[in-house]
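# Close look at the chain arrangement
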Amino acid sequence: MKFLLILLFVVQTLAIVSKKGIYARNSTCPTTPTNLVLTNQTTLPDPFTFLSGSPVTTLSDWKCRQDEISSLMQTYELGTKPPKPSIVTAAFTEVSASTYSLTIGCTEGTKTVSFSVTITYQSTPGPSPYPAIIAYGGASIPVPATAAIITFNNDIIAAENDQSSRGVGIFYDLYGATASAGATMAWAWGVSRIIDALEMTPAANIDTTKIGVTGCSRDGKGALVAGAFDERIALTIPQESGSGGSACWRLSDAMMTAGQDVQTASEIVRENVWFSPTFTNYSNSVDLLPFDHHLLAALVAPRGLLVIENAAYLWLGPWSCYGCMMSAKTIWTAMGVPDNMGFSEVGNHSHCAFPAVQQPTLLAFIDKFLLGRPANTSNVMDYDFGEPFNATQWANWATPTLM
Ligand code: MCU
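Here is a short report on the structure shown in this document.

Parameters at a glance
Residues numbered from 1 in each chain as written. Predicted model: local features only at pLDDT ≥ 70, side-chain atom pairs only at ≥ 80, totals over all residues. Heavy atoms only, no water. Disulfide = S-S within 2.5 Å. Helix = DSSP H or I, 4+ residues; strand = E, 2+ residues; numbered from the N terminus. Buried < 20%, exposed > 50% of the residue type's maximum accessible area, 1.4 Å probe, protein only. Contact = heavy atoms within 4.5 Å. Phe/Tyr/Trp six-rings, centres within 6.5 Å; stacked < 30°, edge-to-face > 60°. Lys NZ or Arg CZ within 6 Å of the ring centre and 35° of its normal.

## Digging into the state of the cysteines
In this structure the tally under the stated criterion is three disulfides. Paired by a disulfide, cysteine 29 and cysteine 64 hold their sulfur atoms 2.1 Å apart. Taking the sign of the S-S torsion, about -85 degrees here, the bridge from cysteine 29 to cysteine 64 comes out left-handed. Pair noted here: cysteine 29 is in the loop between α1 (2–17) and α2 (59–78) and cysteine 64 is in helix α2, with a separation of 35 residues, a long-range link. In this pair, the class of cysteine 29 matches that of cysteine 64, namely buried. With a sulfur-sulfur separation of 2.1 Å, cysteine 216 is cross-linked through a disulfide to cysteine 352. Between cysteine 216 and cysteine 352 the sulfur-sulfur dihedral comes to about -95 degrees; the bridge is accordingly left-handed. Here cysteine 216 is found in strand β6 (residues 206–216), whereas its partner cysteine 352 is found in the loop between β9 (341–346) and α11 (359–369), with 136 residues between them in sequence. In this structure cysteine 216 comes out as buried when scored by relative accessible area, which is 9%. Of the residues examined, cysteine 352 reaches a relative accessible area of 22% and is grouped as partly exposed. Sequential numbering of the bridged cysteines in the protein chain gives the disulfide pattern 1-2, 3-6, 4-5.

## Brief notes about the environment of threonine 184
Looking at the secondary structure, you find threonine 184 in helix α5 (residues 183–199). Residues threonine 184 and aspartate 155, spaced 29 residues apart in sequence, show a C-alpha to C-alpha distance of 10.0 Å. Discounting residues that sit within four places of it in the chain, threonine 184 has contacts with Leu78, Lys221, Gly222, Val225, Trp274 and Phe275.

## Topic: the packing of aromatic side chains
Per the counting criterion, the structure on display carries 21 aromatic pairs. For the ring pair tyrosine 76 and tyrosine 282, a centre distance of 5.5 Å and an interplane angle of 85 degrees mean the geometry is edge-to-face. With a gap of 206 residues between them, tyrosine 76 in helix α2 and tyrosine 282 in the loop between α8 (265–271) and α9 (293–298) connect regions that are remote in the sequence. Under the relative-accessibility criterion, tyrosine 282 is labelled buried at 14%. Aromatic pair tyrosine 121 and tyrosine 130: ring centres 4.9 Å apart, planes at 65 degrees, arrangement edge-to-face. The buried category is assigned to tyrosine 130, whose relative accessible area is 7%. An aromatic cluster is built from Phe92, Tyr100, Tyr121 and Tyr130, whose rings are joined through pairwise contacts. The lysine or arginine in question, lysine 221, covers the ring of tryptophan 274, its NZ or CZ lying 5.3 Å from the ring centre.

What follows is the structure in structure tokens.
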């Protein structure tokens, strides 16, 4: 019996580790229906049931379910992420002893756009090659000196001032001002192009299997979308992303109904252009969405995800973030890698000011996923807000063991 259990464990681990093996993209997935009739669902949609009603029972099924979720989220909320452009170029130039610039050119048809990121090598000499963290607008978490920091000015890709930012930025110069992608998806496209360029630039000496992505607040929403939509990202660290990030729309609406001053879908679509214009149609009726943000997080699995939140601001939806990510955690559990996902929400600090108390957790995730060092990332579920989350009421599914 013991032998059998060990064998099962080894088989499951191999299945997950070998991306080219059982856990590879599956060409036999059922096609996602296009003319869906959306129906109200007041609780969080079950990750382990296809739209068709069929259950997800194997890792291969789950890969198909991820494709289905990806397609649904692009259709109803985020807009389409275009594939790698026909031509991508990369130019790597020295700015100073430890700082370099990587200029990325993208051509599609007759149009070419370009943008630059800054790569800061914090230690010389470093490990060879360097792991790196792509930081939207610069890092607001401490990054160990052995990792390079890639500063990504995401607003160049897609502006995000207010409604007048719709269709503004080099993403829209390339794909047209009416492209369906909202700003978070346009930025995710930008992150993928940064990784393309790193892959083409041996001189940059970045290990593209050890890439992290982070950002705080609106940029945290962006970091989560980037991690969800590029499997080359080893560790995703959204910081204080709140509603529109690690929170679930349904749960944030429930907080509002309970009289709390939380950001909801109906507010967010009026405030900025982070989502596709189509999402506005559902912002007052989020129960119609065949997903919620536990399924956005689900696209990151089985890769590393550390969600950092702040219990001090109702606006971020601290209970919503907790309940949503508790529900998402069932996916890593089902895949046999619960330690690859953590949630840490502490209070008593200002917005985007990373508190020292979260540092050991952050460093453990960075050690494990970017620095290749053994680290304990088990049972990371910090919750200072206190209001209990009733999983039976909101996330009432059985978690299978996927093999
Ligand atoms: C938490 O992210 C946003 C939030 O969604 C907005 O409502 C608020 O205006 O700005 C936050 C932010 O990005 O702060 C830097």
